[in-house]
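# Summary of the model geometry
Each chain is listed here by its residues.
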Amino acid sequence: MKAIRVHQTGGPEVMRLEDVPDPRPERGQVVVRVRAAGVNPVDTYLRSGLYPIKAPLPYTPGLDAAGTVEAVGDGVSRVRAGDRVYTGWNLSGAYADLVLCTEAQVHPLPGSITFQQGAAVNTPYATAFRALHQRGRALPGETVLVHGASGGVGVAAVQLARAAGLRIIATAGTAKGRDLAGEQGAHHVLDHRKAPDYFRTIAELTGGRGVDVILEMLANVNLGMDLKALAPGGRVVVIGSRGTVEIDPRDTMGRDAAILGMSLYNLGAADAACIHAALVAGLENGTLRPIVGRELPLRDAPRAHALIMEPGSFGKIVLIP
Ligand code: NAP
């Protein structure tokens, strides 16, 4: 089969399309024929070699895919050959014709969801669900600020929050991104390039009380101001950060506020099973509708990695083998 391979860490150009042996499922494993693979920012961090978590070299990048089950190993009972599935991480890398998974890593993909959309489910939606519900403990009727709502995680967070009965203030850096956040269910959409003015608007929109939960995509830029935008008992969930930031700890004290980190790498099996049960239900009932902004052929993985780090996000980028 064809697969993107990384033999040494570095820039996007270190990714090459190569021939590699087809994976074969051992006991409890599933091979999925990849119809689309999702591109996530973490794929670029791992490829760069500058991330605390290191991929063993050589490797095939890619955490997320959707396709059909090609073959199953002994003992697999939840899926069979031909089933449509999306994968929640994997054993061999998703930027390939075939991907090897454990049985627990494959989830049913409803017929109403395309493979491209299926490739946009796992990391973004699992992250958004974890941040909103398991870490942020957002409740119906509360107000959430989705700080960075135009990309993969942000779109997922807006849809999940809307389905859960929250009031949503969302931000994006372009008019196209703001339109997207509004279409996906945000009640108010602001421009995060207009700091600090838009924080004044957040205060106005909440009658001066502040927001209950913030899902933060760029904490190194926003955390200091986020803490001032929180309501009493407010929680900021740090989803993304690309550097350091100065905060005033007193902003947490006066509000009994909490800063909660999260990494999908820390997700245990029980929480993962809970998340994917909720995501499959949301895909089935139509409240979750992954947005694919761009499709590229698998060989263009280097271009996809350059694009995902540029501003002006619009949903997900997926690769087509
Ligand atoms: P993405 O699709 O590239 O989207 C990036 C988002 O960040 C866009 O909405 C972008 O908005 C927004 N952004 C840019 N400048 C911002 C600012 N000043 N304030 C607020 N938001 C801003 O990436 P993604 O997949 O959604 O992931 C978002 C972040 O979460 C990334 O840093 C990623 O590494 C991280 N992440 C973490 C976990 C975890 O386990 N902790 C899991 C998944 C993702 P515009 O482009 O419209 O400006």
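Here goes a summary of the coordinates provided. All values reported here derive from a predicted model rather than from experimental measurement. (Residues numbered from 1 in each chain as written. Predicted model: local features only at pLDDT ≥ 70, side-chain atom pairs only at ≥ 80, totals over all residues. Heavy atoms only, no water.)

Within the chain, the secondary structure is distributed over ten helices and 15 strands. Taking the principal axes of its C-alpha atoms as reference, the chain extends roughly 60 × 40 × 35 Å. Burial statistics for the chain: of 321 residues in total, 53% are counted as buried. Relative to all contacts within the chain whose residues are 6 or more apart in sequence, the contacts with residues 24 or more apart total 65%. As presented, the chain carries roughly 13800 Å² of accessible surface, and 51% of it is formed by carbon and sulfur atoms. (Helix = DSSP H or I, 4+ residues; strand = E, 2+ residues; numbered from the N terminus. Buried < 20%, exposed > 50% of the residue type's maximum accessible area, 1.4 Å probe, protein only. Contact = heavy atoms within 4.5 Å. Areas by Shrake-Rupley, 256 points an atom, 1.4 Å probe, with all protein chains shown as cover.)

Another aspect to go through is the site of the ligand. Neighbouring the ligand are 27 residues, the closest being Tyr-45, Ser-150, His-192, Leu-264 and Ser-313. Between the ligand and Gly-173 there is a distance of 2.9 Å, counted from an oxygen atom to a backbone nitrogen or oxygen. One of the side-chain N or O atoms of His-192 is found 2.8 Å from an oxygen atom in the ligand. Here the ligand has 910 Å² of accessible area as a free molecule, and 88% of this is covered by the chains. (Near = heavy atom within 4 Å. Polar contact = N/O pair within 3.5 Å; in protein donor to acceptor, adjacent residues only side chain to side chain.)

Here we take up the layout of surface pockets. In this structure, the second largest pocket encloses a volume near 330 Å³. If you trace the second largest pocket, you find 19 residues lining it, with Ala-55, Tyr-59, Thr-60, Leu-63 and Asn-90 closest to the centre. Counted by class, the lining of the second largest pocket contains eleven nonpolar, six polar and two charged residues. (1 Å grid on protein atoms, 1.4 Å probe; cavity = no way out; pocket = protein on both sides within 12 Å on 5 of 7 lines; lining within 4 Å. Points joined across faces, edges and corners; volume = space filled by probe spheres on them. Nonpolar A, V, L, I, M, F, W, Y, C, P; charged D, E, K, R; others polar.)

A word on helix α4 (residues 152-163). Given a rise of 1.5 Å per residue, twelve residues ought to cover 16 Å, and the 17 Å separating the end C-alpha atoms of α4 matches this to within 8%. For α4, the buried fraction is high: nine of the twelve residues fall into the buried class. Buried within α4 are the following residues: Val-153, Gly-154, Val-155, Ala-156, Ala-157, Val-158, Gln-159, Leu-160 and Ala-161. Within two residues after α4, Gly-165 carries a phi angle of roughly 85 degrees, on the positive side. (Expected span 1.5 Å × (residues − 1).)

Along the polypeptide, Arg-235 turns up in strand β12 (residues 230-238). The buried category is assigned to Arg-235, whose relative accessible area is 13%. Residues within four places of Arg-235 in sequence aside, it is in contact with Gly-136, Arg-137, Ala-138, Glu-142, Asp-212, Val-213, Ile-214, Leu-230, Ala-258 and Leu-260.

Evaluated as defined, the whole model comprises ten salt bridges. Between Arg-178 and Asp-191 there is a salt bridge; the shortest N-O distance is 3.4 Å. Taken as a pair, Arg-178 in helix α5 (residues 175-183) and Asp-191 in strand β10 (residues 188-191) lie far apart in primary sequence, 13 residues in all. Using a relative accessible area of 14% as the deciding quantity, one classes Asp-191 as buried. For Arg-209, the salt bridge goes to Asp-212, with nearest N and O atoms at 3.0 Å. Take Asp-212: its relative accessible area is 5%, and that puts it in the buried class. (Salt bridge = Lys/Arg side-chain N within 4 Å of Asp/Glu carboxyl O.)

As a further point, take the environment of Arg-209. Note that Arg-209 resides in the loop between α6 (197-205) and β11 (211-216). The sequence separation of Arg-209 and Ala-229 amounts to 20 residues, and the corresponding C-alpha distance is 8.3 Å. The contacts of Arg-209, once residues within four sequence positions are left out, are Leu-230, Ala-231 and Pro-232. A distance of 3.0 Å separates polar atoms of two side chains, one belonging to Arg-209 and the other to Asp-212.

Moving on, we get to the nonpolar core. Counting residues in each nonpolar core, the largest one holds 74 residues, and the members touching the most others are Tyr-95, Val-144, Leu-215, Leu-279 and Leu-319. Tallying contributions element by element places α4 first for this core, with seven residues. Composition of this core by domain shows at least three residues from each of domain 1 (2-121 + 290-320) and domain 2 (124-265). Residues Tyr-198, Ile-202, Ile-214 and Val-238 belong to the second largest nonpolar core, which totals 16 residues. (Core = buried A, V, L, I, M, F, W, Y, C linked by side-chain atoms within 4.5 Å. Domains from an automatic or database assignment.)

Running from amino to carboxyl end, helix α3 (residues 122-135) crosses helix α9 (residues 269-285) at an angle of 105 degrees, the nearest separation of the two axes being 10 Å. Relative to α9, the element α3 is oriented roughly perpendicular. Contacts from Asn-122, Tyr-125, Ala-126, Phe-129, Arg-130 and Gln-134 of α3 reach α9 at Asp-271, Cys-274, Ile-275, His-276, Ala-278 and Leu-279. Each residue belonging to the contact of α3 with α9 can be placed in one class, and the counts come to seven nonpolar, three polar and two charged. (Axes fitted to C-alpha atoms, helices over the stretch in contact; angles between N-to-C directions. Parallel < 35°, antiparallel > 145°, perpendicular 65-115°, else oblique.)

Function-wise, these values are silent; they only describe arrangement.
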